[in-house]
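A closer look at the structure
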Amino acid sequence: MKEFAQLIFILGTTTKTNEKLKALQQYFAVASDKDKVWVIALFTGRRPKRTISSTLLKTWCAKYINIPLWLFDECYHTVGDLSETIALLTPDEATTTNDKPLHYYIEWFLQSAKLSEEDKKIFMLQSWKALPSASERFVFNKLLSGAFRIGVSQQLLIQALAKVTALEAPVVAHRISGKWDAATISFDELLLSANAKADSSKPYPFYLAYPLEAAPHTLGQPNEWQAEWKWDGIRGQLIKRNNTLFVWSRGEELVTEKFPEYETLFALLPDGIALDGEIIPAVDGKPLPFAQLQTRIGRKNISKKILQEVPVAFFVYDIIEYNGKDIRETPLAERRKLLEEIVGNINHPRLLLSPAISFNSWDVLAMLRSNSREQLAEGLMLKRKSSTYQTGRKRGDWWKWKIDPLVIDAVMIYAQKGSGRRSNLYSDYTFAVKDGDKLVPFAKAYSGLTDKEIAQVDAFVKRNAIEKFGPVRTVKPELVFELAFEGIAASNRHKSGVALRFPRINRWRTDKKADEINTLDDLKAMLEVYGK
Amino acid sequence: MALIEFTDKGLYCPAGQFYIDPWKPVNKAIITHAHSDHARWGSQYYLCHTKTKPILQLRLGNHHYESVEWNQPINMNGVKLSLHPAGHIIGSSQIRVEHKGEVWVFSGDYKTENDELSGAFEPVKCNTFITESTFGLPIYKWQPQAIIYNNIQQWVLQNIKDDKASVIIAYSLGKAQRVLQAVSKVTENIFAHGAVWNTQEAFLAAGETLPSIKRVTSETDKKEFKNAVIIAPPGADGSPWLKRFTPYRLAICSGWMQVRGNARRRNADKGFVLSDHADWDGLLSAVKATGAAKVFVTHGFQAAFSKYLNEKGIAAAEVKTAYGGEEETEKTTEE
């Protein structure tokens, strides 16, 4: 555990990619086989199921160190992370060093589901007492609760593994993707044995585009580029191998069961195929707003009603495997031709070809782009016709050229302390628009201000807050911000009647007073124009 | 009439007709220590500890200053006033006020661990204690100074081994002198930012003994910074002034480094949890040691700390002051 805690500490504190890479390599060089596999699993979001609720953890910890629950909560709001709060509150009690490996703890958590609450409590308390430092208790708690969000990207992990195994990075990326069980697979099985039973479900690492910041004509001749609408859905891969259909989302989550609509494609698709596209709710080939998709994402059971109201289609834009062969190195123009042929043959309303937009000059394309919202698109995608299908976010061949966001002026009415880099800072805000002399909350936003601005808002909140305890502070409606958002949809779950897509702070309107903000009617007018 | 009142200018003793750490200009100001949120410009008369005086002169310019030693009572309009070590920075003092048998103590800023530089914190018996609460949550627990110093020393040695300079961010008054204490045990090649240098000069002129440092100037040859230690105030963090030290690693010394997110936000290579304030246990033990029946809690986590004291049977109330925010939080820069 000591080594793992040390690794997490370095990854979480150093700002230099090289030092992170070095730390990962060092860890993989010394860690046991089981621990290595678990680290890969944890860093790619494959964690053991949570078996103890945060309420129980809180209660046990507060009792153990003899503080009232409200004080624990105050600490938690300040730290912004339950695992860390507990790690800091519990004392350094261990005198002997009896270091247990990472997998010892994970294996305990795996089998803990069937244990009694009392047994779980005993184990947690023993572990807190046995782990000699806050950083070890922190990672221990993290194994159980919350996502392992540390300063390491999937790319970095892949790079480190590539170095350690002397494999190519894309090979590593592919091998650690898909469905595998960290409890049973060995490091060699996962990464090294190329002939080992290849998991037929494995998706390819997605190729992601950078935002285009320069003017498009800097990209060269228009005829070297393919333009498509940038859809607002869930990026996904549709894979059929060994007569089984798999649907993967970009978060490398297997979501086949969440979208039963795609089953109808199963019989129509040839075996050994991988399609890249967007999961989008659509009726008669026309996309619906993303907000509609959100109503079904979180659900376990997809009811008939939902299937009727929010049916999804797959807007396909690339083919990366055909006849069981990886064709990512084939130029886009050729992949596109093949794709058009296949989709044309299948000819099914659930599988729609994301159209290539024809244009002969960048100016024409710029004009088309300004119509994105009418297409329910977020802008355009530009892809070099000669491009291969690469791994991760890369500059050069694929760009996203998004439209300018919608904006509205609003006043801050509530603030909450953030987490991670923003712990102990009031950085998460709720905003309101005017409705007569009332203020109606309509959006929350967490990002968009500079650190310096956050510090200023934080000082304002601390001076002007009404409550003294608990997570939320009501503040004088005084600070005005311009919010930007990508879309707007009607919602009966929100007081304001609207739901915004990806709201964030565009800028602080220090030049505006609270009575100069936009109104609920302004929002409704936007809904009329953009939300239908 | 209370012995000390909380007014919009600061803590005021009506019987003695003086203010303690006022944030607006007044006739008579008693100063706990020279940090800018406690020692402000513009008053007619300042009274402080002997070791605070040179820093007040440096920071506030020429005024009417008087100084006393610790435990040397003086009479202010019939009120007995004395200063007692607070252990926060060199010269920092608690203020004891006695009138008609009633005793109030204002802690100023303090820490209970003896840093062997500032004078050991002295618990003073009183009826009413006014305490700070900068780190008034139980998540704040400090390691002993010796361990933190050792960590700093090991870090510097590792940087030297890796051919890198060590830039250490520390407040120019207080933390910088402690860091100097720590690093001078492993290297003599120590540079300081102008703000740290000026403070050091004022201390030396007043007869303090401190390890020697070199001032970073625009003329200093960059080669001299190779493998050196550079002590700089928070204002220098993230500024182009740091470029000249490349290649370097950067560490921040602050109690706020206790929480990972704060350290990450600062983008430092290393955060040392080194504070000049009492931690949670320190605050509690200080309050108990005074034997005070009534406690007022100023700047920090005053709501939580006073609520906790009340639950423990010590009558406590929070007080709004203008303290904190300058040197207490990591977000703003010093001076």
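Source: prediction; values computed, not measured. (Residues numbered from 1 in each chain as written. Chains lettered and ligands numbered in written order. Predicted model: local features only at pLDDT ≥ 70, side-chain atom pairs only at ≥ 80, totals over all residues.)

1. Comments concerning the overall build of chain B
Counted only if it meets this: Only runs of H or I of at least four residues qualify as helices and only runs of E of at least two qualify as strands under DSSP, and these elements are numbered from the N terminus. This radius of gyration counts C-alpha atoms alone. The globule rule is 2.2 Å times how many residues there are, raised to the power 0.38. Partly exposed residues are those falling between the two cut-offs: more than 12 but fewer than 20 other C-beta atoms within 10 Å of their own, whereas 20 or more means buried and 12 or fewer means exposed, with C-beta atoms placed from the backbone. C-beta atoms are placed from the backbone for every residue, and two residues are taken to be in contact when these atoms lie within 7 Å.
Helix and strand counts for chain B come out as seven helices and 19 strands. At 20 Å, chain B has a C-alpha radius of gyration in line with the 20 Å of a compact globule built from 335 residues. For chain B, with 335 residues in total, the buried portion stands at 54%. For chain B, the share of sequence-separated contacts (at least 6 apart) that also reach a separation of at least 24 residues comes to 58%.

2. Digging into the overall build of chain A
Helix and strand counts for chain A come out as 19 helices and 20 strands. Relative to the compact-globule value of 24 Å for 532 residues, chain A shows a C-alpha radius of gyration of 26 Å, a close match. Residue pairs in contact within chain A that sit at least 24 positions apart in sequence constitute 71% of those at least 6 positions apart.

3. Some words on the interface of chain A and chain B
Rule in force here: In the scheme used here, Gly and all other residues not listed as nonpolar or charged are polar, with Ala, Val, Leu, Ile, Met, Phe, Trp, Tyr, Cys and Pro taken as nonpolar and Asp, Glu, Lys and Arg as charged.
The interface is formed by 26 residues belonging to chain A together with 19 residues belonging to chain B. Among the secondary structure elements, those contributing two or more residues to the side of chain A that touches chain B are α1 (2-13), α5 (69-79), α6 (82-89) and α18 (451-464) of chain A. Counting residues per element, the side of chain A that touches chain B draws most heavily on α5(A), at five residues. A breakdown of the residues in the side of chain A that touches chain B according to their chemical character gives nine nonpolar, eleven polar and six charged.

4. What to know about the sheet that holds strand β1 (residues 207-211) of chain A
Residues and elements named next belong to chain A. Stated formally: At least two DSSP bridges between two strands are required for those strands to pair.
With respect to topology, five strands assemble into an open sheet ordered β1-β12-β11-β2-β10, the strand pairing being mixed. Strands at the two margins of the open sheet, each flanked by one partner only, are β1 and β10 (356-357). The sheet contact formed by strand β2 (residues 225-231) and strand β11 (residues 377-384) spans six bridges and is antiparallel. Within β11, the residue paired with Trp225 across the bridge is Arg384.

5. With respect to the nonpolar core
As a reminder, the rule being used: To define a nonpolar core, we join buried Ala, Val, Leu, Ile, Met, Phe, Trp, Tyr and Cys residues through C-beta atoms within 7 Å and take the resulting set.
By size, the foremost hydrophobic cluster in this structure holds 151 residues, and its most contacted members are B:Ile168, B:Val179, B:Ile230 and B:Ile231. If you tally residues by element for this core, the top one is helix α3 (residues 33-43) of chain A, at seven residues. When sequence neighbours within four positions are dropped, the list of residues in contact with B:Ile168 reads B:Val179, B:Val229, B:Ile230, B:Ile231, B:Ala251 and B:Cys253. Residues A:Tyr204, A:Phe259, A:Phe315 and A:Met381 belong to the second largest nonpolar core, which totals 41 residues.

6. With respect to the sheet that holds strand β8 (residues 79-85) of chain B
Residues and elements named next belong to chain B. As a reminder, the rule being used: Here the axes come from fitting lines to C-alpha atoms, over the contacting stretch only for helices, and the angles between their N-to-C directions go from 0 to 180 degrees.
Ordered by their spatial adjacency, seven strands build an open sheet running β7-β8-β9-β10-β11-β18-β19, and the pairing between neighbours is mixed. Two strands in the sheet have a free side with no partner beyond their single neighbour: β7 (74-76) and β19 (315-318). Ignoring strand direction, the axes of neighbouring strands in this sheet form an average angle of 25°. Relative to strand β11 (residues 128-133), strand β10 (residues 102-106) runs parallel, the two sharing three bridges. When the sheet's bridge partners are listed, Phe106 is paired in β11 with Ile130. Along the sheet, helix α6 (residues 280-290) makes contact with β10, β11 and β18 (294-300), crossing β11 at roughly 170°. Sheet strands touched by helix α7 (residues 302-311): β11, β18 and β19. Its angle to β19, the strand with the most contacts, is close to 165°.

7. So, the environment of A:Phe206
Residues and elements named next belong to chain A. One can find Phe206 in the loop between α12 (187-192) and β1. Taking the C-beta count within 10 Å as the criterion, Phe206 has 23 such neighbours and is therefore assigned buried. Residues Phe206 and Trp229 lie 23 residues apart in sequence; the distance between their C-alpha atoms is 18 Å. When neighbours within four sequence positions are excluded, Phe206 is seen to be in contact with Arg235 and Arg250.

8. Comments concerning the confidence of the model for chain B
Rule in force here: Confidence scores labelled pLDDT are given residue by residue by the predictor and lie between 0 and 100.
Of the residues in chain B, 97% have a pLDDT of 70 or more, and the chain-wide mean is 93. Prediction confidence for the complex, expressed as pTM and ipTM, is 0.84 and 0.93 respectively.

9. Considerations on helix α4 (residues 194-205) of chain B
Residue and element names in this part refer to chain B. As a reminder of what qualifies: Expected helix span is computed as 1.5 Å times (number of residues minus one). By definition, the arc is the one covered by directions from the helix axis to the C-beta atoms.
The terminal C-alpha atoms of α4 lie 16 Å apart, and with twelve residues this matches the ideal 16 Å at 1.5 Å per residue to within 8%. Looking at α4, one finds that the buried residues are Ala195, Val196, Thr199, Gln200 and Phe203. Here the buried residues of α4 occupy an arc of 135° about the axis, which is enough to place them on one side. Backbone geometry just after α4 places Gly207 at a positive phi near 95°.

10. Some points on the packing of α3(A) against helix α7 (residues 102-111) of chain A
Residue and element names in this part refer to chain A. Definition in use: Handedness of a crossing is defined here by the sense of rotation of the near helix relative to the far one, left-handed for an anticlockwise turn of less than a right angle and right-handed for a clockwise turn.
Across the interface, α3 lies against α7 with an axial gap of 8 Å and an inter-helix angle of 65°. Once α3 is placed against α7, the crossing between them reads as left-handed. On the side of α3, the interface is formed by Lys34, Asp35 and Trp38, while α7 contributes Leu102, His103 and Ile106. The class makeup of the residues in the contact of α3 with α7 is three nonpolar, one polar and two charged.

11. Notes on the environment of A:Leu88
For A:Leu88, the position within the fold is in helix α6. Residue class for A:Leu88 comes out buried when judged on the 23 C-beta atoms lying within 10 Å of it. C-alpha of A:Leu88 to C-alpha of A:Ser135: the two residues are 47 residues apart in sequence and 8.6 Å apart in space. When sequence neighbours within four positions are dropped, the list of residues in contact with A:Leu88 reads A:Val79, A:Ala134, B:Ile139 and B:Gln258.

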